Amino acid sequence: MSEIKAKVLAKFQEVFGTAEGTKVYFAPGRVNLIGEHTDYNGGHVFPCALTIGTYGVAKKRTDGKLRFFSMNFERLGIVESSLDEFTPGGDKNWTAYPKGVMWAFEQKGMKMDCGLELLLFGNIPNGSGLSSSASVEVLTGAILRDLYGFEVSNQDLALIGQFSENKYNLVNCGIMDQFAIAMGKKDCAIFLDTSNLKYEYAPVVLKGAKIVISCSNKKRGLGDSKYNERRSECETALAELQKVVDIKSLGELDEATFEKYQDAIQDEVRRKRAKHAVYENQRTLKAVAALKAGNLEEFGKLMNASHVSLRDDYEVTGIELDTLAEEAWKVPGVIGSRMTGAGFGGCSVSIVKDEAVDRFIQSVGEAYQKKIGYAADFYVVEIGDGPVIL
Ligand code: GLA
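As a starting point, this report considers the structure included with it. Because the structure is a prediction, the values reported are computed rather than measured.

**As for the environment of Leu118**
Argument step 1. By the secondary structure assignment, Leu118 is in strand 6 (residues 116–122).
Argument step 2. For the pair Leu118 and Glu151, spaced 33 residues apart in sequence, the C-alpha separation works out to 21 Å.

**Observations regarding the environment of Asn41**
Argument step 1. Note that Asn41 resides in the loop between strand 1 (23–32) and strand 2 (44–45).
Argument step 2. The exposure class of Asn41 is buried, given its relative accessible area of 7%.
Argument step 3. The sequence separation of Asn41 and Asn281 amounts to 240 residues, and the corresponding C-alpha distance is 9.0 Å.
Argument step 4. Once you skip the residues sitting within four places of it in the chain, Asn41 turns out to touch Cys234, Ser249, Leu250, Gly251, Ala277 and Tyr314.
Argument step 5. A distance of 3.1 Å separates a polar side-chain atom of Asn41 from the backbone oxygen of His37.

**What to know about helix 9 (residues 296–312)**
Residues that lie three or four places apart on an α-helix share one face, since the helix turns once every 3.6 residues.
Argument step 1. In this model, helix 9 (17 residues) spans 25 Å end to end at C-alpha, consistent with the 24 Å of a helix rising 1.5 Å per residue.
Argument step 2. The set of residues buried in helix 9 consists of Leu296, Phe299, Gly300, Leu302, Met303, Ser306, His307, Ser309 and Leu310.
Argument step 3. Looking at the buried side of helix 9, the elements it contacts are helix 8 (268–292), helix 10 (318–329), strand 10 (334–340) and strand 11 (347–353).

**Here's the deal with the site of the ligand**
Argument step 1. Around the ligand, the surrounding shell holds 13 residues, and the nearest of these are Glu36, His37, Asp39, Asp177 and Tyr227.
Argument step 2. His37 is positioned with one of its backbone polar atoms (N or O) 2.6 Å from an oxygen atom of the ligand.
Argument step 3. Within the side chain of Tyr227, an N or O atom sits 2.7 Å from an oxygen atom of the ligand.
Argument step 4. About the coverage of the ligand: the protein hides 98% of its 310 Å² of free accessible area.
Argument step 5. Taken together, the residues that form the shell around the ligand break down as 6 nonpolar, 3 polar and 4 charged.

**Regarding the layout of surface pockets**
Argument step 1. Reported here for the second largest pocket is a volume of approximately 160 Å³.
Argument step 2. Taken together, Asp187, Val204, Leu206, Ala209, Lys210, Ile211, Val380, Val381, Glu382 and Ile383 make up the full set of residues lining the second largest pocket.
Argument step 3. Looking at the lining of the second largest pocket, the elements that each hand over two or more residues are strand 9 (209–215) and strand 12 (377–381).
Argument step 4. Top element by residues in the lining of the second largest pocket is strand 9. It accounts for 3 residues.

**Thoughts on the sheet that holds strand 12**
Argument step 1. On the basis of which strands lie adjacent, the open sheet formed by 4 strands has the order 10-11-9-12 and antiparallel pairing. Because the sheet does not close on itself, it has two edges, and the strands there are strand 10 and strand 12. Across the sheet, the mean angle separating the axes of adjacent strands is 20° when strand polarity is ignored.
Argument step 2. In terms of strand pairing, strand 9 meets strand 11 through 7 bridges, oriented antiparallel. The residue bridging Cys215 from the neighbouring strand is Cys347, located in strand 11.
Argument step 3. In the packing of helix 10 onto the sheet, contacts are made with strand 9, strand 10 and strand 11, and the angle to strand 10 comes to roughly 175°.

**Quick word on the sheet that holds strand 13 (residues 388–389)**
Argument step 1. The 6 strands lie next to each other as 5-4-6-3-1-13, forming an open sheet whose pairing is mixed. Every interior strand has two partners, whereas the edge strands, strand 5 (79–82) and strand 13, have only one.
Argument step 2. The pairing of strand 3 (residues 47–60) with strand 6 spans 7 bridges and is classified as antiparallel. The partner of Gly56 across the bridge, within strand 6, is Leu120.
Argument step 3. The strands touched by helix 1 (residues 3–16) are strand 1, strand 3, strand 4 (65–70) and strand 6; relative to strand 6, the strand with the most contacts, the crossing angle is about 135°.

**What to know about the nonpolar core**
Argument step 1. Phe105, Met112 and Leu116 are the most contacted members of the largest nonpolar core, which totals 45 residues.
Argument step 2. Of all elements in the fold, only strand 1, strand 4, helix 2 (96–107), strand 6, helix 3 (132–148), helix 4 (154–167), helix 5 (176–182) and strand 7 (188–193) reach the threshold of two or more residues within this core.
Argument step 3. For this core, the element with the most residues is helix 3, which contributes 9 residues.
Argument step 4. Leave out the neighbours within four places in its chain, and Leu116 touches Lys59, Lys60, Arg61, Lys65, Leu66, Arg67, Met102, Ile143, Leu144, Leu147 and Tyr148.

**A short note on helix 6 (residues 227–241)**
Argument step 1. Counted at 1.5 Å a residue, the expected span for helix 6 with its 15 residues is 21 Å, and the 21 Å between its end C-alpha atoms agrees.
Argument step 2. Along helix 6, the residues that are buried comprise Tyr227, Arg230, Arg231, Glu233, Cys234, Ala237, Leu238, Glu240 and Leu241.
Argument step 3. Looking at the buried residues of helix 6, the elements they touch are helix 7 (255–261) and helix 8.

**Looking at the pairing of strand 6**
Looking down a regular strand, the side chains alternate between one sheet face and the other.
Argument step 1. A large share of strand 6 lies buried, amounting to 7 of its 7 residues.
Argument step 2. Side-chain alternation along strand 6 places Leu116, Leu118, Leu120 and Gly122 on one buried face and Glu117, Leu119 and Phe121 on a second face that is also buried.
Argument step 3. In the sheet, strand 4 pairs with strand 6 via 5 bridges, with the strands oriented parallel. Counterpart to Phe68 in the pairing with strand 6 is Leu118.

Cut-off values and rules
- Residues numbered from 1 in each chain as written.
- Predicted model: local features only at pLDDT ≥ 70, side-chain atom pairs only at ≥ 80, totals over all residues.
- Heavy atoms only, no water.
- Helix = DSSP H or I, 4+ residues; strand = E, 2+ residues; numbered from the N terminus.
- Buried < 20%, exposed > 50% of the residue type's maximum accessible area, 1.4 Å probe, protein only.
- Contact = heavy atoms within 4.5 Å.
- Polar contact = N/O pair within 3.5 Å; in protein donor to acceptor, adjacent residues only side chain to side chain.
- Expected span 1.5 Å × (residues − 1).
- Near = heavy atom within 4 Å.
- Areas by Shrake-Rupley, 256 points an atom, 1.4 Å probe, with all protein chains shown as cover.
- Nonpolar A, V, L, I, M, F, W, Y, C, P; charged D, E, K, R; others polar.
- 1 Å grid on protein atoms, 1.4 Å probe; cavity = no way out; pocket = protein on both sides within 12 Å on 5 of 7 lines; lining within 4 Å.
- Points joined across faces, edges and corners; volume = space filled by probe spheres on them.
- Pairing = 2+ DSSP bridges.
- Axes fitted to C-alpha atoms, helices over the stretch in contact; angles between N-to-C directions.
- Core = buried A, V, L, I, M, F, W, Y, C linked by side-chain atoms within 4.5 Å.

Function-wise, these values are silent; they only describe arrangement.
Shown next, in the form of structure tokens:
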């Protein structure tokens with residue numbers, strides 16, 4: 001038995017009295033290599049699941065109670081609720097995520113016939129932009145599927161997770177996070193066309209380099225970020241473009257077509273937002289082609305360009321993420337570095353040559369501490385599989 005499995009089972013026993021009859025599950029976190037803020041614009045994304053994520057210990061009850069405990073929020077103790085207490089937009093703590101998924105299953109005609117006890121432990125830093133919430137959503141879906149016999153595929157788990165995030169937690173997120181987590185595959189990134197959910201696994205062959213996540217430790221939540229605002233700016237820009245060109249989403253445009261029609265967008269800020277969405281989608285196509293051709297240098301350059309666009313045109317970086325990326329670019333042996341996820345805090349992702357990893361952590365870490373006033377954390381990560389029963 002793995003160390004973590006033993007640890008979560010022991011905790012379940014301590015909190016709920018006995019661990020008899022429980023099952024243990026895991027769902028990963030994710031990092032997006034490139035293709036940021038493209039998923040709600042009908043574009044492409046290129047994320048991968050990680051080997052860090054969320055562990056869940058679950059057991060059905062005979063009544064309708066729901067009893068939750070998180071090892072990441074121990075001070076909250078057991079949070080009690082019940083199957084008739086789903087309040088979209090109304091839950092004030094982490095249980096909003098598992099409850100949102102239970103509610104979403106019910107909305108789709110899959111009603112739990114009894115409650116459960118659920119203990120969670122996540123080894124993804126909370127609110128870091130590595131999708132701890134989507135990880136909890138997909139994990140909950142995988143648990144419900146297994147315990148209640150609901151017939152859903154992993155892709156359904158992604159869609160149900162997104163639905164719960166949109167309608168229960170009121171964050172208008174795209175499909176990327178839940179999809180990357182539910183469909184994760186070891187050592188592969190997922191090249192996903194968000195306009196039709198067609199996808200392809202692309203082996204991430206880094207030839208003597210590693211993926212390093214730098215966590216800014218600036219806390220953020222999507223709800224209080226400007227995420228929904230960016231999304232609506234893109235929707236308005238699309239509506240303006242649709243007056244002059246026949247498209248369903250910004251993802252259908254290439255750079256030249258965008259340049260030709262961009263004047264239809266009446267406002268300079270919205271033009272920049274749309275430009276990012278279009279160019280970032282095209283960069284993602286180029287980056288995947290470069291990776292397939294074994295051209296990691298080109299992949300890295302596209303990552304850097306992605307950050308610049310997110311900084312200057314989409315304006316979702318902030319001084320913390322800019323410092324992480326810009327300091328990374330200075331370090332010899334860094335192939336590429338950019339913010340990842342929604343932005344406004346959270347993490348950056350870098351591809352760093354093996355021999356440069358220590359130097360990277362030291363030099364970016366020192367510069368960050370000096371400029372920002374508190375420390376960043378660094379994780380050398382591996383690409384893992386989707387949800388599993390342990
Ligand atoms: C968050 C959302 C995703 C995606 C990214 C930005 O992670 O949940 O759907 O929009 O931001 O690329």
